Amino acid sequence: MPAPKGNKYAAGGPGGGRPSEYKPEYAQIAKSMCYLGATDKQMAEAFGVSETTINNWKSAHQEFSCALKEGKLVADAKVAQALFSRATGYEHPEDDIKAVNGEIVVTPTIKHYPPDATSMIFWLKNRQPKLWRDKPEGEEVQEQSIQKVQIEVISADKSNSD
């Protein structure tokens, strides 16, 4: 159904559609949201627009697109660093606080975390999938046939012996 006559937002009109709700300050807000791990869908909800509008803003406003890329890159780098730390093990300073003879004693210590096997597997499967996938390439599947086995039960009960 065509738009009513005189609709200034109709396709083909001078504006080519509804005016954009984009504001230049959205770039910094979006970057901050990306630092916190927000997805495009979550940003769309926060700005009160659709995800398609967010994608249109990325195309139409270079500063918005760059802000999202930078924010997502920083967030992804933080997560990658945390995963790497879990995979390789890490340590951090920690205070041990105890009450000794009615007095609080604070002892500085170093807390050690050993490498985590699950993190190692995740890292390697994603970084080197040809080497670390569940079934490495070139490995042929060997079909195992099921064989019937007959088991003879011998009683250890001496009362039945001849």
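For the structure, see preceding data.
Residues numbered from 1 in each chain as written. Predicted model: local features only at pLDDT ≥ 70, side-chain atom pairs only at ≥ 80, totals over all residues. Heavy atoms only, no water.

J.: Explain the packing of helix α1 (residues 26-35) against helix α4 (residues 62-88) to me, please; I cannot follow it from the model alone.
T.: Angle between the axes and distance between the axes are the two parameters that describe a pair of packed helices. Relative to each other, α1 and α4 sit at 15°, their axes nearing to 7 Å. By the criterion of interaxial angle, the relationship of α1 to α4 is roughly parallel. In this structure, α1 meets α4 at a crossing whose hand is right-handed. Across the interface between the two elements, Tyr26, Ala27, Ala30, Lys31, Cys34 and Tyr35 of α1 pack against Glu63, Phe64, Ala67, Leu68, Glu70, Gly71, Lys72, Val74 and Ala75 of α4. (Axes fitted to C-alpha atoms, helices over the stretch in contact; angles between N-to-C directions. Helix = DSSP H or I, 4+ residues; strand = E, 2+ residues; numbered from the N terminus. Parallel < 35°, antiparallel > 145°, perpendicular 65-115°, else oblique. Left-handed = near helix turned anticlockwise from the far one by under 90°. Contact = heavy atoms within 4.5 Å.)

J.: Is there a simple way to think about the pairing of strand β2 (residues 103-113) in this case?
T.: Along any regular strand the residues' side chains alternate between the sheet's two faces. Pairing of strand β1 (residues 90-100) with β2, which is carried by 11 bridges, proceeds in the antiparallel orientation. Paired with Glu94 across the two strands is Thr109, which belongs to β2. The hairpin turn running from β1 into β2, its antiparallel successor, is 2 residues long, and Asn101 in that turn takes a positive phi close to 50°. (Pairing = 2+ DSSP bridges.)

J.: Can you help me understand the environment of Val105 in this one?
T.: Structurally, Val105 is set in strand β2. Exposure remark for Val105: the relative accessible area of 33% places this residue in the partly exposed category. It is 9.7 Å that separates the C-alpha atoms of Val105 and Asp95, two residues lying 10 residues apart in sequence. Beyond its immediate chain neighbours, meaning those up to four positions away, Val105 contacts Asp96, Ile97, Lys98 and Val100. (Buried < 20%, exposed > 50% of the residue type's maximum accessible area, 1.4 Å probe, protein only.)

J.: It is not clear to me how the side chain of Asp40 should be interpreted in this structure. Could you clarify?
T.: By the element assignment, Asp40 lies in helix α2 (residues 40-47). Among the polar contacts listed, one links the side chain of Asp40 to the side chain of Lys72, at a separation of 2.6 Å. When neighbours within four sequence positions are excluded, Asp40 is seen to be in contact with Glu51, Ile54, Asn55, Lys58, Leu68 and Lys72. (Polar contact = N/O pair within 3.5 Å; in protein donor to acceptor, adjacent residues only side chain to side chain.)

J.: Would you mind showing me how to read the pattern of salt bridges here?
T.: Here the idea is simple: oppositely charged side chains can pair when their charged atoms come close. Applying the stated rule across the entire model yields 6 salt bridges. Close ionic contact of Lys58 with Asp40 constitutes a salt bridge, the shortest N to O distance being 2.5 Å. Here Lys58, found in helix α3 (residues 51-60), pairs with Asp40, found in helix α2; they are 18 residues apart in sequence, far enough to count as distant. Judged by its relative accessible area of 25%, Lys58 falls in the partly exposed class. By relative accessible area, Asp40 is classed as buried at 10%. (Salt bridge = Lys/Arg side-chain N within 4 Å of Asp/Glu carboxyl O.)

J.: It is not clear to me how the packing of α1 against α2 should be interpreted in this structure. Could you clarify?
T.: Running from N to C, α1 and α2 cross one another at 135°; their axes reach a closest spacing of 11 Å. Relative to α2, the element α1 is oriented oblique. In this structure, the crossing between α1 and α2 has a hand that is right-handed. Between α1, through Tyr26, Ile29, Ala30, Met33 and Cys34, and α2, the contact on the second element is made entirely by Gln42, Met43, Ala46 and Phe47. Looking at the contact of α1 with α2 residue by residue, the classes come out as 8 nonpolar, 1 polar and no charged. (Nonpolar A, V, L, I, M, F, W, Y, C, P; charged D, E, K, R; others polar.)

Everything listed is a geometric property; what it means functionally is a separate question.
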